[in-house]
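One letter stands for each residue in the lines below.
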Amino acid sequence: MRGTPIDYSPTTEIIKGNGELLPVSKMPCDGVFPTATTKYEKRDLALNIPSWNPDACVQCGKCAMVCPHAAIRVKVVDESAVKNAPEGFKYTPAKGFKLEGSDKPVFAISVSSYDCTGCGVCTQACIGKDKTDETKKAINMVPQEPIKVQEGKCWDFFVDLPEFDRTKVNKSLVKQAMLLEPLFEFSGSCAGCGETAYVRLVSQLFGDRMVVANATGCSSIYGGNLPTTPWAKNKEGRGPAWANSLFEDNAEFGLGMRLAITKHAKQALSLLEAVNVPAELKEKLTTQDQSDEAGLNDRTSQMQKKNSDRLELSLTTTTQ
């Protein structure tokens, strides 16, 4: 299982149970803690976990949609990507998905055996029927203990598989939206929580550019419960920025964030006018459409991130 030490000593020490030994000088002076750290906890608390039967699956994605902890995920990849899969890793030919550059796309579901809470919501949502056994679905709860180690290895392999191109996803369809990478995972919310499935969904739709002004309540506990943080980041290192506000001032708290972002944007435009960079680049930076994934995604040519990289290079060259 993944157990890479977190490169941040306060978090590591609190996980070890040594929080009371930490001097104040070791705590971050600005209150900022690293994100994407719940994946290191591996609470291992479920007695039963979901098991997927590919033959009965209709590939609707509803199991992943309702999971409160992002412990069950779906992916569509080229068949070549799973040729070195560990024993027990399941996949099946993809139905109703188009994967650019692939003649043989496959559909895979994986469960994080150490992060699943065993709530069973996925089995309730499952619409796949096992034609050989009318008591079974495509997702069925089974004892965790005999399979947790092997399923853990399959999960580690699964998360390293390529992510689906966000610009090709139809977000209005559940089966496609669930291909998006969750940037809220393995929170400390209760088993079967009715809130966190929605939080996880929002993180899939907008997470790499989310700024969260969190009011005090359940969401502040499962969202920022030290020592770890369920708000995560993608392979490019981008993810939600989260901060909590105490009770009644949340509206002002969020408004302040919005005003600050707007001010920064205006300041950036003002500075852009003052520097000596190509007029064509200035125009792209100020007129680039960012209303959809194609305009935002840094893997697509002529998009804003590439424009920003060009600006940085131009400024560096000018300075030198």
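Refer to the structure presented above.
What counts and how
Residues numbered from 1 in each chain as written. Predicted model: local features only at pLDDT ≥ 70, side-chain atom pairs only at ≥ 80, totals over all residues. Heavy atoms only, no water. 1 Å grid on protein atoms, 1.4 Å probe; cavity = no way out; pocket = protein on both sides within 12 Å on 5 of 7 lines; lining within 4 Å. Points joined across faces, edges and corners; volume = space filled by probe spheres on them. Helix = DSSP H or I, 4+ residues; strand = E, 2+ residues; numbered from the N terminus. Nonpolar A, V, L, I, M, F, W, Y, C, P; charged D, E, K, R; others polar. Pairing = 2+ DSSP bridges. Salt bridge = Lys/Arg side-chain N within 4 Å of Asp/Glu carboxyl O. Buried < 20%, exposed > 50% of the residue type's maximum accessible area, 1.4 Å probe, protein only. Contact = heavy atoms within 4.5 Å. Core = buried A, V, L, I, M, F, W, Y, C linked by side-chain atoms within 4.5 Å. Phe/Tyr/Trp six-rings, centres within 6.5 Å; stacked < 30°, edge-to-face > 60°. Lys NZ or Arg CZ within 6 Å of the ring centre and 35° of its normal. Right-handed = clockwise from strand over helix to strand, strands pointing away.

1. Focus: the layout of surface pockets
And step 1. When its volume is computed, the largest pocket comes out at roughly 1,400 Å³.
And step 2. Every residue lining the largest pocket is counted, 38 residues in all, and those nearest its centre are Asp208, Arg209, Gln290, Leu296 and Gln304.
And step 3. Mapped by element, the contributors of at least two residues to the lining of the largest pocket are helix 8 (250-274), helix 9 (279-287) and helix 11 (304-319).
And step 4. Looking at the lining of the largest pocket, the element that brings in the most residues is helix 8, giving 10 residues.
And step 5. Here the second largest pocket is characterised by a volume of approximately 420 Å³.
And step 6. As for the second largest pocket, its lining consists of 22 residues, of which Lys39, Val159, Glu181, Glu185 and Lys233 are closest to the centre.
And step 7. By residue number, the principal contributor to the lining of the second largest pocket is helix 4 (residues 148-159), which donates 3 residues.
And step 8. Residue composition of the lining of the second largest pocket, grouped by class: 8 nonpolar, 3 polar and 11 charged.

2. Overview of the sheet that holds strand 2 (residues 72-78)
The pairing of strands in a sheet comes from backbone hydrogen bonds and takes either a parallel or an antiparallel form.
And step 1. Strand order in the open sheet made by the 3 strands is 2-4-3, with antiparallel pairing throughout. Two strands lie at the open edges of the sheet, namely strand 2 and strand 3 (92-93), each paired on one side alone.
And step 2. Pairing of strand 2 with strand 4 (residues 105-111) involves 7 bridges; the strand directions are antiparallel. Looking at strand 4, one finds that Lys75 is bridged to Ala108.

3. Observations regarding the pattern of salt bridges
Pairing is possible between side chains that carry opposite charge, provided their charged atoms lie close to one another.
And step 1. Taken as a whole and assessed by the stated rule, the structure comprises 12 salt bridges.
And step 2. A salt bridge links Lys42 to Asp115, with the nearest nitrogen and oxygen atoms 2.8 Å apart. Remark: Asp115 occurs in the loop between strand 4 and helix 3 (121-125) and Lys42 occurs in the loop between helix 1 (9-15) and strand 1 (48-52); sequence separation between them is 73 residues. The same class applies to Lys42 and to Asp115, which are both buried.
And step 3. Residue Asp208 pairs with Arg209 through a salt bridge whose shortest N-O separation is 3.1 Å.
And step 4. Through salt bridges with shared partners, a single network forms among Arg73, Lys75, Glu163 and Lys235.

4. With respect to helix 6 (residues 196-206)
Quick reminder: α-helices carry 3.6 residues per turn. Residues three or four places apart thus point the same way.
And step 1. Of all 11 residues that make up helix 6, 8 are buried, and the element is covered over most of its length.
And step 2. Among all positions of helix 6, only Thr196, Ala197, Val199, Arg200, Leu201, Ser203, Gln204 and Leu205 are buried.
And step 3. Summarising the contacts, the buried residues of helix 6 are in contact with helix 2 (62-66), helix 5 (174-177), helix 7 (218-223) and helix 10 (293-296).

5. So, the nonpolar core
Generally speaking, a soluble globular protein has its nonpolar side chains buried in company with each other.
And step 1. Counting 30 residues, the largest nonpolar core has Ile72, Val74, Val76, Phe107, Ile109 and Ile139 as its most contacted members.
And step 2. At the level of elements, strand 1, helix 2, strand 2, strand 4 and helix 6 are the ones that each hand at least two residues to this core.
And step 3. Each residue touching Phe107, except ones within four places of it in the same chain, is listed here: Trp52, Cys57, Gln59, Val74, Lys75, Val76, Tyr91, Thr92, Pro93, Ala94 and Phe97.

6. Concerning the pairing of strand 4
And step 1. Burial analysis of strand 4 places 7 of its 7 residues in the buried class, the great majority of the element.
And step 2. Of the two faces of strand 4, the one carrying Pro105, Phe107, Ile109 and Val111 and the one carrying Val106, Ala108 and Ser110 are both buried.
And step 3. Across 2 bridges, strand 3 lies against strand 4 in antiparallel orientation. Each bridged residue has a counterpart across the sheet, and for Thr92 the counterpart in strand 4 is Phe107.

7. Some thoughts on the packing of aromatic side chains
And step 1. The tally for this structure, following the rule as stated, stands at 8 aromatic pairs.
And step 2. Ring plane angle 25° and centroid distance 5.8 Å describe the contact between Phe97 and Phe107, whose orientation is recorded as stacked. Of the two residues, Phe97 sits in the loop between strand 3 and strand 4 while Phe107 sits in strand 4, which places them 10 residues apart along the sequence.
And step 3. Given the relative accessible area of 8%, Phe97 is considered buried.
And step 4. Here Phe184 and Tyr222 contribute two aromatic rings whose centre-to-centre distance is 6.0 Å and whose plane-to-plane angle is 75°, an arrangement assigned as edge-to-face. Taken together, the positions of Phe184 in the loop between helix 5 and helix 6 and Tyr222 in helix 7 put the pair 38 residues apart, joining distant regions of the chain. The pair formed by Phe184 and Tyr222 is uniform in burial state, with each residue classed as buried.
And step 5. Every member of this aromatic cluster is reached through a ring pair, and the members are Trp52, Phe97 and Phe107.
And step 6. For Lys75, the ring lying beneath its charged end belongs to Phe158, and the centroid distance is 5.1 Å.
And step 7. Here the basic side chain of Lys175 rests over the ring of Phe97, its NZ or CZ set 4.5 Å away from the ring centre.

8. Quick notes on the pairing of strand 6 (residues 211-215)
And step 1. Burial along strand 6 is one-sided: Val212 and Asn214 are buried, while Val211, Ala213 and Ala215, pointing the other way, are not.
And step 2. In the sheet, strand 6 pairs with strand 7 (residues 241-245) via 5 bridges, with the strands oriented parallel. Looking across to strand 7, one finds that Val211 is bridged to Ala241.
And step 3. Considered for its hand, the β-α-β crossover made up of strand 6, helix 7 and strand 7 is right-handed.

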